[in-house]
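# Overview (structure and organization)
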Amino acid sequence: MNLKLEHPVALVPTMGALHAGHESLIKIAKTEAKSVVVSIFVNPLQFENTNDFSNYPKSIEADTKLAESSGATFVWVPTFDEIYPSEPTIISAGEIGNLFEGVHRFGHFDGVLTVVKRLFDLANPQFAVFGEKDFQQLFLIKEMVKKLELPIKIISAPTIRDSSGLAMSSRNIRLSVSDRESAIGIYRALELANTATTLELARTKLKSAVSTIPNFLPDYAELIDENTFDLATATTTNVRAIVAGWINGVRLIDNMVMSKIGVSK
Ligand code: PAF
């Protein structure tokens, strides 16, 4: 990327099929930086499932319009060769990269970190914005930035939900009406867990609500310490519920802070 942009620059990395969630990332980026670059690149390295990769929705024209109307200065659609001109050096996401999403999507986070580092190298931003919906991804990107001492401030953006509570996702357009009703069940399960005042109760409520969502094949439904990704225990301060799984071949993921539990709350 060879552009004269006013500094500071914020990067909003995306894989396209932009929606209200991305719109909010771009707006947040705009509050921090003079120029906002939105990248659109469907990164093959982070897909362990070739169907999921080939079915990933593509809508560059609509994406460009949405990005520009949300405040993007430049919409960057790099080619594969621009991102990977030669065999890429894979960045390992380490042990935490092999938990939860990593168990079910082997190598996924190595692929994410590898592309994010390339996007950072090419766009040279001072800020980068990522959504909390992909909480493990956000955590690992922050860890990478710390470990490699990159001069980039990572900004986390809250999950945007539709009026039913369903977290915005590019994959939602592949849900039928009844799939969508099932998908809302994930949000309801998180909300239910969040009514609990003890860790054990929250865990029980989450797991039992998730197990009754019609057509949902869960990969995991857990309560974790959001600072370490260990399973939450009685001494955990910041407890977060995380859920992911499949509805009719569409992968869905969501999470929520458990506001009534955790020591010193
Ligand atoms: O969250 C995404 O859309 C992707 O994982 C990202 C960060 C753009 C890397 O390809």
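Residues numbered from 1 in each chain as written. Predicted model: local features only at pLDDT ≥ 70, side-chain atom pairs only at ≥ 80, totals over all residues. Heavy atoms only, no water.

- By the naming in an unreviewed UniProt entry, the chain goes by pantoate--beta-alanine ligase (AMP-forming) and is assigned to freshwater metagenome.
- What the UniProt record of the chain gives under Pathway (unreviewed entry) is the line "Cofactor biosynthesis; (R)-pantothenate biosynthesis; (R)-pantothenate from (R)-pantoate and beta-alanine: step 1/1." (UniProt positions renumbered as here; feature names shortened; annotations may be inferred.)

### Thoughts on the overall build of the chain
- Each helix and strand counted, the chain has nine helices and eight strands in total.
- The globule rule puts the C-alpha radius of gyration for 265 residues at 18 Å, and the 18 Å found for the chain is close to it.
- Counting only C-alpha atoms and orienting by the principal axes, one finds that the chain spans roughly 55 × 40 × 35 Å.
- Summarising the internal contacts of the chain: among those between residues at least 6 apart in sequence, 70% fall at separations of at least 24.
- Between the averaged position of the 26 positive side-chain charges in the chain and that of its 30 negative side-chain charges there is a distance of 4 Å. (Helix = DSSP H or I, 4+ residues; strand = E, 2+ residues; numbered from the N terminus. Rg over C-alpha atoms; globule rule 2.2 N^0.38 Å. Contact = heavy atoms within 4.5 Å. Lys, Arg positive; Asp, Glu negative; His and termini not counted. Charge placed at Lys NZ, Arg CZ, Asp CG, Glu CD.)

### As for the site of the ligand
- Within the structure, the ligand sits among Pro13, Thr14, Met15, Gln46, Val115, Phe130 and Gln137.
- Between the ligand and the protein, one listed contact pairs an oxygen atom with a side-chain N or O atom of Gln46 at 2.6 Å.
- Between an oxygen atom of the ligand and a side-chain N or O atom of Gln137, the distance comes to 2.7 Å.
- Here the ligand has 290 Å² of accessible area as a free molecule, and 90% of this is covered by the chains.
- One can see that the ligand is located within the largest cavity. (Near = heavy atom within 4 Å. Polar contact = N/O pair within 3.5 Å; in protein donor to acceptor, adjacent residues only side chain to side chain. Areas by Shrake-Rupley, 256 points an atom, 1.4 Å probe, with all protein chains shown as cover. 1 Å grid on protein atoms, 1.4 Å probe; cavity = no way out; pocket = protein on both sides within 12 Å on 5 of 7 lines; lining within 4 Å. Sits in = over half its atoms within 2 Å of the grid points.)

### Quick word on the packing of helix 1 (residues 20–32) against helix 3 (residues 60–70)
- At their nearest, the axes of helix 1 and helix 3 sit 9 Å apart, and the two run at 35 degrees to each other. Our pair here, helix 1 against helix 3, has a crossing hand that is right-handed. For the pair formed by helix 1 and helix 3, the contact residues are Glu23, Ile26 and Lys27 on the first element and Leu66, Ala67 and Ser70 on the second.
- Looking at the contact of helix 1 with helix 3 residue by residue, the classes come out as three nonpolar, one polar and two charged. (Axes fitted to C-alpha atoms, helices over the stretch in contact; angles between N-to-C directions. Left-handed = near helix turned anticlockwise from the far one by under 90°. Nonpolar A, V, L, I, M, F, W, Y, C, P; charged D, E, K, R; others polar.)

### What about the packing of helix 8 (residues 177–193) against helix 9 (residues 199–211)?
- Packing of helix 8 against helix 9 brings their axes to within 8 Å, and their N-to-C directions diverge by 160 degrees. In terms of orientation, helix 8 and helix 9 fall into the roughly antiparallel class. Crossing angle aside, the handedness with which helix 8 passes helix 9 is right-handed. Residues Ala189, Leu190, Leu192 and Ala193 of helix 8 lie in contact with helix 9, whose contacting residues are Ala202, Lys205, Leu206, Ala209 and Val210.
- The class makeup of the residues in the contact of helix 8 with helix 9 is eight nonpolar, no polar and one charged. (Parallel < 35°, antiparallel > 145°, perpendicular 65-115°, else oblique.)

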